[in-house]
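Coordinates in review
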Amino acid sequence: MSPLATATLLGAIALLLYGIRLAGDGIQKAAGGRIRRLLGVVTKNRLVAFGVGAAAAALLQSSSATVAMLVGFVSAGLMTLPQTIAVLLGANVGTTLTPQLVAFRVFDLAVPIAGLGVALSMWGWSSRARHVGQAVLGFGFVFLALHLATTTMAPLRDDPFFTLVLQTLRDHPGWTLLLAAGFTALVHSSAATLVLALGLAHQGLVDLAGAMPIVLGANLGTTAAAIETAVGAKRDAQQTAAAHVIAKAIGLAVAFPLMEPFARLVAATSDDLARQIANAHTIFNVALAIGLLPVTGLLAGLVRRLLPPRPASEEPFGPKYLDERVLESPPVAFGQAAREVLRMADIVQTMVRESIRAFEGHDLDLVQRIEDMDDQVDRLDREVKLFLTKLSKSGLTEAQAARELELIAFSTDLEAVGDIVDKNLMSLARKRIKQGVTFSAEGWREIRDFHAKVCENLELAVSAFATRDADLARTLLRHKNRLGEIERALNAAHVDRLHRGLRESIETSSIHLDLLSNLERINSHVTNVAYTILEAAASDDGDG
């Protein structure tokens, strides 16, 4: 092969990989949060889980992205391991869509398809239409790359050396399988391997017997991404990846010794060689699902025995749900960030709830424990923001970009509440303990009642954030205004006691007023989430 032909073939492979990636990204953006909601409907019904996995992988056009998404759901406790295995089996079937599409002889339509994709991407009537255009453009690139590769490989039919290499590989299917697996692992795409096999078939450079090891090798190669996901990951992620690897290994252990009868079965499905290769890939994964779906529980048990849960250890405090491996799937990344923000909210709620006790007695240890909690809040706030900023801005839809801002805004408000408790309330508590003063009975009752209302509003804010419920958000804003009125009334009541000359009120006046002021500031911060929820609801109504 000449240097120019070699460069053209390599360029075609690069264009093929880019096209597959572009198509998957476009479909994912167009689908928006539907993929995440799709996975959220998984139940204990294996067939439902299988169907959900197939649909999700067909949309994502990547089993690797699906595995990463599943790792996030398992880590968040939203799915069990048997459910995950059923979804994985469905995902294996869903990723056979691209080879099936490419098996149609659409070479002549490659440029028109790409042109349609460009037109939709640039002049689409909505963001969703533009994302669909990106997906169409990606498929146009795939078809064009296959055309270039096929044309470039045409002279190889008369090349004695290349013919000898192909014959050697045909005589040694094990080596062919390993080479195909290695290439798939390298490019992280079984579809790319199979599309190249289709190109060889179109030029008559490979027959069905020679293509069968390539099909099996492509399936084996997809496990590389799962293994990479498991390295250094949490045990839940490792179990998910292990289930994927074991399932593929079982399929290969059965199919490889039976390649000849398998090839005869595939040959009966079509007279077209390219279609036979695509069908072989689909049949392998469908048969694997049929064989393993009834025993997902047993397979999960095997995985747990091989990788038992780790014992609880005293690890340094840090994020529990954030996993950078899911950053390529924004819906899952947002789900993980939301759970981490809710974890932060739990700590902040404890700080606010316990802060009132610091004004009752002389427990400096309690004050210190509350102050230490703020360090945890600061750590989680920093990690959540760092995690979200790693998402590609160009890869987010408008709705996803808005969701990112919601998460960052609520995290910022929680961190601000933590600072108020740490630097202001605990400073006032230390001051009261040092001076040895106590509040008047009437004043303390007012403070406790106001503190309880702030705690209720904080709990309501967290619920509104978790559910994104517009009605809760409106209630939150009404409570905010009401608590502002109550604070002003309590300040007036305290001043009245000062006029009456109550000793306790005079001694604690500055602490009393600062305490009320800081509780009102906490209430102001926690109710900010209502505005972003109502803005999102208004945006959804406008889109509808």
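None of these values were measured; they are calculated from a predicted model.

Attention now moves to the overall build of the protein chain. Of regular secondary structure, the protein chain possesses 25 helices and 0 strands. Residues classed as buried in the protein chain amount to 54% of the 544 residues present. A separation of at least 24 residues holds for 82% of the contacts in the protein chain among residues at least 6 apart in sequence. As displayed, the protein chain offers around 24,300 Å² of accessible surface, 60% of which is attributable to carbon and sulfur atoms.

Here the focus is the environment of Leu388. Along the chain, Leu388 turns up in helix H19 (residues 364–389). As a C-alpha pair, Leu388 and Glu404 span 16 residues in sequence and 6.9 Å in three-dimensional space. Leu388 has contacts with Phe334, Ala337, Glu404, Leu407 and Ile408, leaving out every residue within four places of it along the chain.

With that settled, consider a nonpolar patch on the surface. Taken together, Leu97, Leu101 and Phe104 make up a surface patch of nonpolar side chains, about 250 Å² in accessible area. Within the secondary structure layout, Leu97 lies in helix H6 (residues 97–103).

This model, assessed by the stated rule, comprises 12 salt bridges. A salt bridge links Asp381 to Lys385, with the nearest nitrogen and oxygen atoms 3.2 Å apart. Taken together, the residues Asp381 and Lys385, both in helix H19 and 4 residues apart, mark about one turn of the helix. For Lys385, a relative accessible area of 23% puts it in the partly exposed group. A salt bridge links Asp422 to Lys423; the shortest N-O distance between them is 3.9 Å. The buried category is assigned to Asp422, whose relative accessible area is 15%. Looking at Lys423, the relative accessible area reads 51%, which means it is exposed. A cluster of three or more residues bridged by salt bridges with shared partners is formed by Arg403, Glu406 and Arg468.

One can describe the packing of helix H7 (residues 110–123) onto helix H8 (residues 127–153) by two numbers: an axis separation of 7 Å at closest approach and a directional angle of 160°. Considering their axes alone, H7 and H8 lie roughly antiparallel with respect to each other. For the element pair H7 and H8, the recorded crossing hand is left-handed. For the pair H7 and H8, contact is made by Ala110, Ile113, Ala114, Leu116, Gly117, Val118, Leu120 and Ser121 and by Ala129, Arg130, Gly133, Gln134, Val136, Leu137, Gly140, Phe143 and Leu144, respectively. Residues belonging to the contact of H7 with H8 are distributed by class as follows: 11 nonpolar, 5 polar and 1 charged.

This paragraph deals with the packing of aromatic side chains. A complete count under the given rule lists 3 aromatic pairs for this structure. With 4.5 Å between their ring centres and 25° between their planes, Phe410 and Phe465 make a pair best called stacked. Of this pair, Phe410 sits in helix H20 (residues 398–435) while Phe465 sits in helix H21 (residues 441–467); the two residues are 55 residues apart in sequence, bridging distant segments of the chain. Taken together, the aromatic side chains of Phe359, Phe439 and Trp444 make up a single cluster linked through ring pairs.

This paragraph deals with unusual backbone geometry. Despite not being glycine, Arg468 shows a phi value in the positive range, around 55°. Along the chain, the position of Arg468 falls in the loop between H21 and helix H22 (470–499). Residue classification places Arg468 among the partly exposed positions, given a relative accessible area of 38%.

Let's shift gears to H20. In this model H20 runs 54 Å from its N-terminal to its C-terminal C-alpha over 38 residues, within 8% of the 56 Å that 1.5 Å per residue would give. Its axis deflected by about 30° at Val421, H20 carries its strongest bend there. Downstream of H20 by one or two residues, Gly436 has phi in the positive range, about 70°.

The topology assignment puts Thr350 in helix H18 (residues 330–355). Considering only alpha carbons, one finds Thr350 and Cys455, 105 residues apart in sequence, at a separation of 9.6 Å.

Along the chain, Thr176 falls in helix H10 (residues 173–187). Here Thr176 falls in the buried class, since its relative accessible area comes to 7%. Here the alpha-carbon distance between Thr176 and Gly217, two residues 41 residues apart in the chain, equals 7.5 Å. The residues touching Thr176, leaving out its near neighbours within four places in the chain, are Leu169, Arg170, Gly210, Pro213 and Ile214.

In a regular helix each residue adds 1.5 Å, so 27 residues correspond to 39 Å; H21 covers 39 Å between its end C-alpha atoms and thus fits that length. Phi turns positive one or two residues past the end of H21, at Arg468, with a value near 55°.

With 84% of its residues at a pLDDT of at least 70, the protein chain reaches an overall mean of 80. Across the protein chain, element-level confidence peaks in H19 with a mean pLDDT of 91 and bottoms out in helix H2 (residues 34–40) with 55.

With that out of the way, let us pick up the packing of H21 against helix H24 (residues 509–526). Packing of H21 against H24 brings their axes to within 9 Å, and their N-to-C directions diverge by 15°. It follows that H21 is roughly parallel to H24 by the angle criterion. Here the hand of the crossing between H21 and H24 comes out left-handed. Residues Gly443, Ile447, Phe450, His451, Val454, Asn457, Leu458 and Ala461 of H21 lie in contact with H24, whose contacting residues are His512, Leu515, Leu516, Leu519, Glu520, Ile522, Asn523 and Val526. Its residues assigned to classes, the contact of H21 with H24 comprises 10 nonpolar, 5 polar and 1 charged.

Conventions adopted
- Residues numbered from 1 in each chain as written.
- Predicted model: local features only at pLDDT ≥ 70, side-chain atom pairs only at ≥ 80, totals over all residues.
- Heavy atoms only, no water.
- Helix = DSSP H or I, 4+ residues; strand = E, 2+ residues; numbered from the N terminus.
- Buried < 20%, exposed > 50% of the residue type's maximum accessible area, 1.4 Å probe, protein only.
- Contact = heavy atoms within 4.5 Å.
- Areas by Shrake-Rupley, 256 points an atom, 1.4 Å probe, with all protein chains shown as cover.
- Patch = residues over 30% accessible without salt bridge, like charges linked within 9 Å, V, L, I, M, F, W, Y side chains within 5 Å.
- Salt bridge = Lys/Arg side-chain N within 4 Å of Asp/Glu carboxyl O.
- Axes fitted to C-alpha atoms, helices over the stretch in contact; angles between N-to-C directions.
- Parallel < 35°, antiparallel > 145°, perpendicular 65-115°, else oblique.
- Left-handed = near helix turned anticlockwise from the far one by under 90°.
- Nonpolar A, V, L, I, M, F, W, Y, C, P; charged D, E, K, R; others polar.
- Phe/Tyr/Trp six-rings, centres within 6.5 Å; stacked < 30°, edge-to-face > 60°.
- Expected span 1.5 Å × (residues − 1).
- Bend = angle between axes of the 7 residues up to and from the residue.
- pLDDT = per-residue confidence, 0-100.

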